Amino acid sequence: MSKWVQGKVVGHRRWTDRLHSLQVEAPEVTFIAGQFGRLALPAPPGSKEEMLGRPYSFVNAPDTAPHEFYFVTVPDGPLTARLAALSPGDPIWLLRTANGFFSVGELPDADALWCLSTGTGLGPFLSIVRTPDPWARFGRIVLVHAVRYGNELTYRDVIAGIGTAHPGAFTYIPMVSREARPGALAGRIPAAISDGSLEFRAGLALAAENSHIMLCGNPAMVDDTQKALAARGMRRHRRREPGHVTVETYW
Ligand SMILES: Cc1cc2nc3c(=O)[nH]c(=O)nc-3n(C[C@H](O)[C@H](O)[C@H](O)COP(=O)(O)OP(=O)(O)OC[C@H]3O[C@@H](n4cnc5c(N)ncnc54)[C@H](O)[C@@H]3O)c2cc1C
Ligand SMILES: NC(=O)c1ccc[n+]([C@@H]2O[C@H](COP(=O)([O-])OP(=O)(O)OC[C@H]3O[C@@H](n4cnc5c(N)ncnc54)[C@H](OP(=O)(O)O)[C@@H]3O)[C@@H](O)[C@H]2O)c1
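Residues numbered from 1 in each chain as written. Chains lettered and ligands numbered in written order. Predicted model: local features only at pLDDT ≥ 70, side-chain atom pairs only at ≥ 80, totals over all residues. Heavy atoms only, no water.

Attention now moves to the sheet that holds strand S2 (residues 19-25). An order of S4-S3-S6-S1-S2-S5 is seen for the six strands of this open sheet, with the pairing classed as antiparallel. Edge positions in the open sheet fall to strand S4 (51-57) and strand S5 (67-72), since each of these has one partner strand only. This sheet shows a mean twist of 40 degrees between the axes of neighbouring strands, independent of strand direction. (Pairing = 2+ DSSP bridges. Helix = DSSP H or I, 4+ residues; strand = E, 2+ residues; numbered from the N terminus. Axes fitted to C-alpha atoms, helices over the stretch in contact; angles between N-to-C directions.)

Below, the structure is given as structure tokens:
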């Protein structure tokens, strides 16, 4: 049996000229919120592999259909340019099984969960907060979405729905680094941790005693944020050595 499952594109939302969400029907493919699957299209002629595949985080909750993936077209990216051209009805291939440990079941107990993302790193957090699990484990959840420009603050309707479903427990903080945007924090996540502006905006202390932090997106953000958190005595969480920070990098 081929490891690839053929799915069907059933929706394609174009948020900006570079940001897309694909909805894909593939009921055989299952996952835990926070995990990533693999999307693929037939490889160009002459390639060593049969399929050109890349990992993508699931954005939908595990018990919902269709599956959803949120991606950015990267300059000269071999797969994203082709994904961006897909339309409803087109075939797309997925690995049958999902992967990754970026999920609530892997986290230690804490009072507050901070979900810090850049760009398309928002995706797995949307899946996580759409399940009951984090709300049963953490009294407060803070979701930060940091982007370059205001029009990249996507999924605002979904995020507003989360706030309505969990009054008093959920805080969404948009951040925009390359233009002024009313309502959004300016700059980058690590600086906003170091100068206290992120905590001030959340109305919540970010401290080793009460918090767990999940980081997803740009690897430079993940590195720099871990340094800012280390200054507060917070270290990487591992199964054998519990800590405060759980990470997923996209490249
Ligand atoms: C565990 C995991 C989960 C991922 N989930 C997602 C996801 O949900 N959405 C998503 O858009 N991408 C995700 N990625 C990245 C994705 O797998 C591809 O690398 C990306 O879509 C580009 O594919 P490509 O073939 O066009 O170019 P590639 O040859 O794969 O990448 C070219 C270059 O583009 C840059 N790049 C790659 N991904 C991104 C990104 N997301 N944002 C900014 N720059 C990037 C890097 O500099 C990379 O070296 C994930 C990666 C990993 C490892
Ligand atoms: N967004 C665009 O308009 C655009 C245009 C052309 C090409 N691209 C390419 O598209 C890809 C994805 O771009 P993207 O905008 O989605 O993602 P991105 O480059 O990861 O930027 C998202 C956010 O992460 C911040 N960031 C970057 N490095 C950081 C660090 N070390 N610490 C903390 N925060 C950091 C950025 O701040 P800063 O703004 O301060 O960097 C921005 O606010 C990249 O390969 C990029 O080169 C993007």
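Listing the buried residues of helix H4 (residues 156-165) in full gives Val-158, Ile-159 and Ile-162. Mapping the buried residues of H4 onto a view down its axis gives an arc of 100 degrees, with all of them on the same face. Turned more than 90 degrees away from the buried face of H4 sit Asp-157 and Thr-164, all of them exposed. Next to the buried residues of H4 lie helix H2 (123-129), helix H3 (133-137), strand S8 (140-147) and strand S9 (170-176). (Buried < 20%, exposed > 50% of the residue type's maximum accessible area, 1.4 Å probe, protein only. Arc of directions from axis to C-beta. Contact = heavy atoms within 4.5 Å.)

Let us look at the site of ligand 2. Near ligand 2 there are 17 residues, and of these Arg-18, Ser-177, Arg-178, Arg-188 and Asn-218 occur at the shortest range. Contact distances for ligand 2 include 3.1 Å between an oxygen atom and a backbone N or O atom of Val-147. Arg-148 is positioned with one of its side-chain polar atoms (N or O) 2.9 Å from an oxygen atom of ligand 2. Of all the elements in the fold, those that place two or more residues in the shell around ligand 2 are S8 and helix H7 (219-230). Of all the elements, H7 adds the most residues to the shell around ligand 2, at three residues. Class assignment for the residues of the shell around ligand 2 results in eight nonpolar, three polar and six charged. (Near = heavy atom within 4 Å. Polar contact = N/O pair within 3.5 Å; in protein donor to acceptor, adjacent residues only side chain to side chain. Nonpolar A, V, L, I, M, F, W, Y, C, P; charged D, E, K, R; others polar.)

Attention now moves to H7. When the terminal C-alpha atoms of H7 are compared, their 16 Å separation across twelve residues agrees well with the 16 Å that a helix rising 1.5 Å per residue should span. Every buried residue belonging to H7 is among Pro-219, Met-221, Val-222, Thr-225, Gln-226, Ala-228 and Leu-229, and all of these are buried. Its buried side turned inward, H7 meets strand S7 (112-118), helix H5 (189-194), strand S11 (211-217) and strand S12 (245-249). In this structure Asn-218 caps H7, since a side-chain oxygen of it lies 2.8 Å from the backbone nitrogen of Ala-220. (Expected span 1.5 Å × (residues − 1).)

Just distances and angles here, no functional claims.
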